[in-house]
Amino acid sequence: MPRKLFRKYLPDHQRVRSNRHIARFGGFLRHPNLWHLNRHSVAGGVAVGLFAGLVPGPLQMLVAALIAVPLRVNLPVALVTTFYTNPFTIGPLYVLAYLIGR
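Presented here is a report on the structure given in the accompanying data block.

**Section: the overall build of the protein**
For step 1, the next point in the chain: Within the protein, the secondary structure is distributed over seven helices and zero strands.
For step 2, the next point in the chain: Each helix and strand of the protein, placed in order from N terminus to C terminus, yields the pattern α-α-α-α-α-α-α.
For step 3, the next point in the chain: Across its three principal axes, the protein shows a C-alpha extent of roughly 45 × 35 × 20 Å.
For step 4, the next point in the chain: A buried classification covers 25% of the 102 residues belonging to the protein.
For step 5, the next point in the chain: Taking the intrachain contacts of the protein between residues at least 6 apart in sequence as the baseline, contacts between residues at least 24 apart amount to 59%.
For step 6, the next point in the chain: Here the protein displays about 7,400 Å² of accessible surface, and carbon together with sulfur accounts for 69% of that area.

Below is the structure:
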């Protein structure tokens with residue numbers, strides 16, 4: 001059910017490939033797993049987004065994109081997942097990361 005709901009709002013594969021901004025990067029952004037909703041690419045995108053969300057400062061989305069492309073995981077999911085860190089949750093998340101790492 002959720003998959004059909006998401007597919008209704010997402011552009012199709014050909015439209016993404018023909019976008020002029022994506023065409024600038026050549027073959028880097030044309031891999032199907034970067035845009036398709038399947039178990040592997042979405043799970044990897046969430047993992048990359050959660051990891052990149054702990055990067056300090058405004059570089060979270062850039063780091064998520066730079067990691068998601070070579071790993072060939074879902075790029076939009078990785079970018080959206082970085083939004084779990086915000087001014088209200090970043091303090092407890094850094095404390096939790098410190099306690100786990102210690």
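**With respect to the environment of S41**
For step 1, the next point in the chain: Tracing the backbone shows S41 in helix α4 (residues 39-52).
For step 2, the next point in the chain: Note on S41: relative accessible area 0%, which makes it buried.
For step 3, the next point in the chain: Sequence separation between S41 and N74 is 33 residues; the distance between their C-alpha atoms is 4.8 Å.
For step 4, the next point in the chain: If we skip the residues at most four places from it in the chain, S41 touches N33, H36, V73 and N74.
For step 5, the next point in the chain: One polar contact links S41 to N38, side chain to side chain, over a distance of 2.8 Å.

**Overview of helix α5 (residues 60-71)**
For step 1, the next point in the chain: Relative to the 16 Å expected for 12 residues at 1.5 Å per residue, α5 spans 17 Å between its end C-alpha atoms, a close match to the ideal helical length.
For step 2, the next point in the chain: Among the residues making up α5, those that are buried are Q60, A64, A68 and V69. Axial view of α5: buried residues confined to an arc of 150°, hence all on one face. The exposed residues of α5 that point more than 90 degrees off its buried face are L66 and P70.
For step 3, the next point in the chain: Looking at the packing, one finds that the buried side of α5 touches α4 and α6 (75-81).
For step 4, the next point in the chain: Phi turns positive, to about 55°, at R72, one or two residues after α5.

**Some details on unusual backbone geometry**
For step 1, the next point in the chain: Notably, R72 is not glycine yet its phi reads approximately 55°, a positive angle.
For step 2, the next point in the chain: Summarising the element assignment, R72 is placed in the loop between α5 and α6.

**Let's talk about the nonpolar core**
One recurring pattern in soluble globular proteins: nonpolar side chains tend to sit buried together.
For step 1, the next point in the chain: Formed by V16, I22, L29, L34, V48, A52, A64, A68, V69, V73, L75 and A78, the largest nonpolar core amounts to 12 residues.
For step 2, the next point in the chain: Those residues in contact with A78 that lie beyond four places of it in its chain are G45, V48, G49, A64 and A68.

Reading the values: rules and limits
- Residue numbers here run from 1 along each chain, matching the order of that chain's written sequence.
- For a predicted model such as this one, the threshold for reporting local features is a pLDDT of at least 70, and the threshold for listing and counting side-chain atom pairs is 80 or more; totals across whole chains, interfaces and linings nevertheless cover every residue.
- Values reported for side chains reflect all heavy atoms of the structure, with hydrogen atoms and water molecules removed beforehand.
- Put simply, DSSP marks the helices as runs of H or I at least four residues long and the strands as runs of E at least two long, and each gets a number from the N terminus on.
- Working definition: with a 1.4 Å probe on protein chains only, accessible area under 20% of the residue-type maximum means buried, over 50% means exposed, and in between means partly exposed.
- Here, residues are in contact when the closest pair of their heavy atoms is within 4.5 Å.
- Note on areas: Shrake-Rupley, 1.4 Å probe, and residue coverage restricted to the protein chains presented here.
- What qualifies as a polar contact is a pair of N or O atoms within 3.5 Å, subject to a donor-acceptor requirement within protein and to the restriction that residues adjacent in sequence count only when both atoms come from side chains.
- Each helix should span, by expectation, one fewer than its residue count multiplied by 1.5 Å.
- Relevant arc is that of directions from the helix axis to the C-beta atoms, nothing else.
- By convention a nonpolar core is built from buried Ala, Val, Leu, Ile, Met, Phe, Trp, Tyr and Cys residues, the set being connected through side-chain atoms within 4.5 Å.

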